[in-house]
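Descriptive structure summary
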Amino acid sequence: MATGSTFLVLANKVIRHFNEVQLTSTNFSAATGFQDFVKDSILDAVRIIEQSEQEWPWRWNAASQTLTGTTQDYSFPTTTLDTTDKIDWDSFVLKRDDTLDPTVTEKRIQYISWDQYLHDYAARDANISTGDASIREPKFVTWRQEEDKYRLTPTPDRAYTIGFEWWGFRADMSAHGDTTRIPQRFDHVIDRYAKSFCYDWRGDESRAAKLFNAGDSGVSDMKISLVNREQTLRSGRIRNRTG
């Protein structure tokens, strides 16, 4: 995936359009007045694009989790930069492992609702004794919403490895050299939204509205170009964490 432009580059493109004094790497953090508003406008523009589609390809991650015997509940993954925004519940698999005895073949782990888990499997899991040595490969996964964790059933008996896919969000840019994850060929979409906010700030509501609509049109083009809905809509169970 192509890298995005820096915060400084994006801000100065908008500042040049309004014929104002551009920022430098030295004074970027101390910007005031219109220049500071432009920085906020860039951040708002990026947020609009990021939040318009949970499955942008730059948000995708693959998780691999080694389980602990007798432990059912696990926290959702994070990386150094990303925090979980959506889980693809249909992607859970028990991974092949030839080191375990007996060996484990790869197989799908099916998603079930929490209500179904309580009705069909909770009592069984609760009655598994500490000394139970039976082989218990996880067959189902559910979302334990009140603790924001996923639960596997039956309770695993050993260190199986599971895998699944997820999409994450990142914190806002802050330093002049920070880059957006939106590919550079779509800088014009960020630019349209940011200029819209600036024209609105200056009282030109007509230009602001036209540019905002142009930004929306650009986002629609991005979805056509970057997101294959026939594949991604299979994962209809969405877990929003951004509010």
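For the structure itself, look to the data block above.
Attention here is on the structure that accompanies the text. Since this is a predicted model, take the numbers as computed values, not measurements.

The rules behind these values
- Residues numbered from 1 in each chain as written.
- Predicted model: local features only at pLDDT ≥ 70, side-chain atom pairs only at ≥ 80, totals over all residues.
- Heavy atoms only, no water.
- Helix = DSSP H or I, 4+ residues; strand = E, 2+ residues; numbered from the N terminus.
- Expected span 1.5 Å × (residues − 1).
- Buried < 20%, exposed > 50% of the residue type's maximum accessible area, 1.4 Å probe, protein only.
- Arc of directions from axis to C-beta.
- Contact = heavy atoms within 4.5 Å.
- Axes fitted to C-alpha atoms, helices over the stretch in contact; angles between N-to-C directions.
- Parallel < 35°, antiparallel > 145°, perpendicular 65-115°, else oblique.
- Left-handed = near helix turned anticlockwise from the far one by under 90°.
- Nonpolar A, V, L, I, M, F, W, Y, C, P; charged D, E, K, R; others polar.
- Pairing = 2+ DSSP bridges.
- Core = buried A, V, L, I, M, F, W, Y, C linked by side-chain atoms within 4.5 Å.

**Some remarks on helix H6 (residues 205-226)**
Here H6 spans 31 Å end to end across 22 residues, near enough to the 32 Å set by a 1.5 Å rise per residue. Of all the positions in H6, only Ala-208, Leu-211, Gly-215, Gly-218, Val-219, Met-222 and Leu-226 are classed as buried. Burial along H6 is one-sided: seen end-on, the buried residues are contained in an arc of 105 degrees. Every exposed residue of H6 that faces more than 90 degrees away from the buried side is listed here: Lys-210, Asn-213 and Ile-224. Taken together, the buried residues of H6 touch helix H2 (33-51) and helix H5 (187-201).

**Description of unusual backbone geometry**
Note: most peptide bonds trans; most residues except glycine with negative phi. For the bond running from Asp-101 to Pro-102, omega is 5 degrees, close enough to zero to count as cis. Tracing the chain through its elements places Pro-102 in the loop between strand E3 (83-94) and strand E4 (107-108). With an omega dihedral of 0 degrees, the bond running from Thr-153 to Pro-154 counts as a cis peptide bond. As for its position among the elements, Pro-154 is in the loop between strand E7 (149-153) and strand E8 (161-169). Even without a glycine there, the phi angle at Thr-70 is positive, about 75 degrees. Relative to the assigned elements, Thr-70 resides in the loop between strand E1 (60-66) and strand E2 (73-75). For Asp-148, which is not a glycine, the phi torsion comes out positive at approximately 55 degrees. Classification of Asp-148 as partly exposed rests on a relative accessible area of 23%.

**Some points on the packing of helix H1 (residues 7-17) against H5**
Close contact between H1 and H5 brings their axes to 10 Å; oriented N to C, the two are set at 50 degrees. Judged by the angle between their axes, H1 and H5 are oblique. Along this stretch, H1 crosses H5, giving a crossing that reads as right-handed. Residue-level contacts link Leu-10, Lys-13, Val-14 and His-17 of H1 to Asp-187, Ile-190, Asp-191, Ala-194, Lys-195, Cys-198 and Tyr-199 of H5. Taken together, the residues of the contact of H1 with H5 sort by class into six nonpolar, one polar and four charged.

**Observations concerning the sheet that holds E1**
The four strands lie next to each other as E1-E8-E3-E4, forming an open sheet whose pairing is antiparallel. At either margin of the open sheet sits one strand with a lone partner, and together these are E1 and E4. Sheet topology places E1 next to E8; seven bridges connect them, and they run antiparallel. For Thr-66, the partnering residue across the bridge sits in E8 and is Thr-161.

**Comments concerning the nonpolar core**
Val-38, Ile-42, Ile-49, Trp-56, Ile-182, Ile-190 and Met-222 are the most contacted members of the largest nonpolar core, which has 35 residues in total. Of all the secondary-structure elements, those providing two or more residues to this core are H1, H2, H5 and H6. Every residue in contact with Met-222, bar those within four places of it in the chain, is listed here: Ile-49, Trp-56, Trp-58, Ile-182, Phe-186, Val-189 and Val-227.

**Quick word on the pairing of strand E6 (residues 140-144)**
Most of E6 is tucked away, with five of its five residues classed as buried. Burial along E6 is two-sided: the residues Phe-140, Thr-142 and Arg-144 and Val-141 and Trp-143 are all buried. For strand E5 (residues 110-111) and E6, the ladder comprises two bridges, and the chain directions are parallel. Note that in E6 the partner of Gln-110 across the bridge is Phe-140. Two elements, E6 and E7, share five bridges in a ladder whose sense is antiparallel. Its bridge partner being in E7, Thr-142 is matched across the sheet by Arg-151.

By themselves these figures say nothing about function.
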